[in-house]
Amino acid sequence: MASAAGRQIDVCNGDADGLCAVLQWRLQWPAPAVLVTGLKRDIALLNRVQAGPGDEVLVCDVSLQRNRAALLRLLAAGARVRYFDHHAPPDVPDHPNLETHIDLDSQTCTSLLMDRHLGGAHRAWALVGAYGDNLTGVADALAAQTGMNTGDSDRLRMLGEAINYNAYGEEESDVFMAPARLYETLVSYRDPLELLQHESIAQQLDALRRDDLRRAANLPPHWQNGRASAILLPDAGWSRRVIGCLANELARAEPEKAHAVLKATRGDAYVVSVRAPLSAAGGARELCHRFGGAGRAGAAGIDRLPAQDLDRFLEAFGAARWGAASGDAGMDQGIRRP
């Protein structure tokens with residue numbers, strides 16, 4: 001799969017799903033590759049990529065909607081691009097150098113799309129990505145189907161949640177380790193269970209994650225009704241790290257409710273993380289889109305919600321209709337261009 005003459009460039013979100021998707025590909029097709037990644041909300045990553053004829057660009061877990069112009073630029077320059085993602089795209093470009101694997105089903109993630117594409121060749125790493133993306137039930141079922149015991153699957157869940165936690169922050173100084181550096185450790189192991197035996201990074205991240213969650217547990221809901229609940233976090237290093245995993249924890253604790261975690265930020269605004277009820281995993285993307293955000297059917301966010309719009313957001317959040325809507329689910333398009 002490697003290009004004989006050109007460069008290999010891997011582009012991915014710095015969370016568990018993005019890193020584990022690229023990792024599976026590189027374990028299957030080893031090659032020196034430049035990794036372009038960043039923190040969770042670093043989405044417009046293709047803007048950082050320069051590529052041309054002979055170069056191959058792998059893109060994983062990065063919204064095509066936010067990267068379409070940069071993608072078209074790379075294709076026009078002669079680069080070949082493979083795109084794996086589970087976020088809602090605009091019209092997918094029709095180009096002979098573009099191959100896409102996009103599935104909008106709320107019960108899948110990019111690591112699972114890569115697992116499907118590679119025929120389960122690196123299933124354990126796919127499970128790490130799925131656990132990190134809060135697809136616990138899906139990952140548990142797949143682990144059992146694979147014959148994995150619950151002790152090992154619990155360890156993979158801890159690793160996935162730790163990697164995902166490490167992606168949240170406004171600056172790299174907020175997180176324990178830059179996602180690109182963390183990837184260098186992860187990709188050294190074909191089996192994540194071996195990594196857990198020989199490296200302490202997962203245990204360190206898990207301890208930090210649990211400490212941050214304990215701080216958040218002391219905060220009462222800012223707003224709630226029988227169907228939804230919202231928490232406001234202060235602007236602090238711990239809250240910048242914990243916002244995503246707190247939303248996931250709340251969703252698992254009360255799967256019949258929708259959850260929003262809002263963090264105060266500079267400029268009199270909020271960063272927002274929304275989770276649709278796990279029992280009706282749809283509608284989060286549509287809600288956040290109304291306020292300039294994006295994401296997936298079950299989990300979405302808003303990068304900047306002006307404080308003056310807080311009440312309007314909470315009103316819309318409380319009245320939202322959750323569950324699969326048209327366009328929430330979709331099969332892997334698998335668009336291949338030779």
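The notes below deal with the structure included here.

A few words on the pattern of salt bridges. In this structure the tally under the stated criterion is 30 salt bridges. Glu 56 is the salt-bridge partner of Arg 82, the closest N and O atoms lying 3.2 Å from each other. With Arg 82 in strand 4 (residues 80-85) and Glu 56 in strand 3 (residues 56-60), this pair connects stretches of sequence that are 26 residues apart. For Arg 82, a relative accessible area of 11% translates into the label buried. Residue Glu 56 is classed as buried on the basis of its relative accessible area of 10%. Within this structure, Arg 157, Glu 161, Asp 206, Arg 209, Arg 210, Glu 249 and Arg 252 form a network of salt bridges that share partners.

Taken as a whole, helix 5 (residues 136-146) has its buried residues at Thr 136, Ala 139, Leu 142 and Ala 143. All buried residues of helix 5 lie within an arc of 135° about the axis, which places them on one face of the element. Those residues of helix 5 that are exposed and angled more than 90 degrees off the buried face are Gly 137, Ala 144 and Gln 145. For helix 5, the secondary structure elements touched by its buried residues are helix 3 (110-117), helix 4 (123-132), helix 6 (150-165) and helix 10 (237-253). Just past helix 5, the residue Gly 147 takes up positive phi, approximately 95°.

Attention now goes to the environment of Asp 191. Considering the arrangement of structural elements, one finds Asp 191 in the loop between helix 7 (179-186) and helix 8 (192-198). Exposure remark for Asp 191: the relative accessible area of 26% places this residue in the partly exposed category. When the C-alpha atoms of Asp 191 and Ala 162 are compared, they prove to be 17 Å apart, with 29 residues separating the residues in sequence. Beyond its immediate sequence surroundings of up to four residues, Asp 191 is in contact with Ala 124 and Trp 125.

Moving on to helix 3. Of all eight residues in helix 3, six are buried, a share of seventy percent or more. Looking at the buried positions of helix 3, the neighbouring elements they touch are helix 1 (16-28), strand 3, strand 4, strand 5 (98-102), helix 4 and helix 5. In the segment just after helix 3, Gly 119 is the residue with positive phi, at about 65°.

Analysis parameters
- Residues numbered from 1 in each chain as written.
- Predicted model: local features only at pLDDT ≥ 70, side-chain atom pairs only at ≥ 80, totals over all residues.
- Heavy atoms only, no water.
- Salt bridge = Lys/Arg side-chain N within 4 Å of Asp/Glu carboxyl O.
- Helix = DSSP H or I, 4+ residues; strand = E, 2+ residues; numbered from the N terminus.
- Buried < 20%, exposed > 50% of the residue type's maximum accessible area, 1.4 Å probe, protein only.
- Arc of directions from axis to C-beta.
- Contact = heavy atoms within 4.5 Å.

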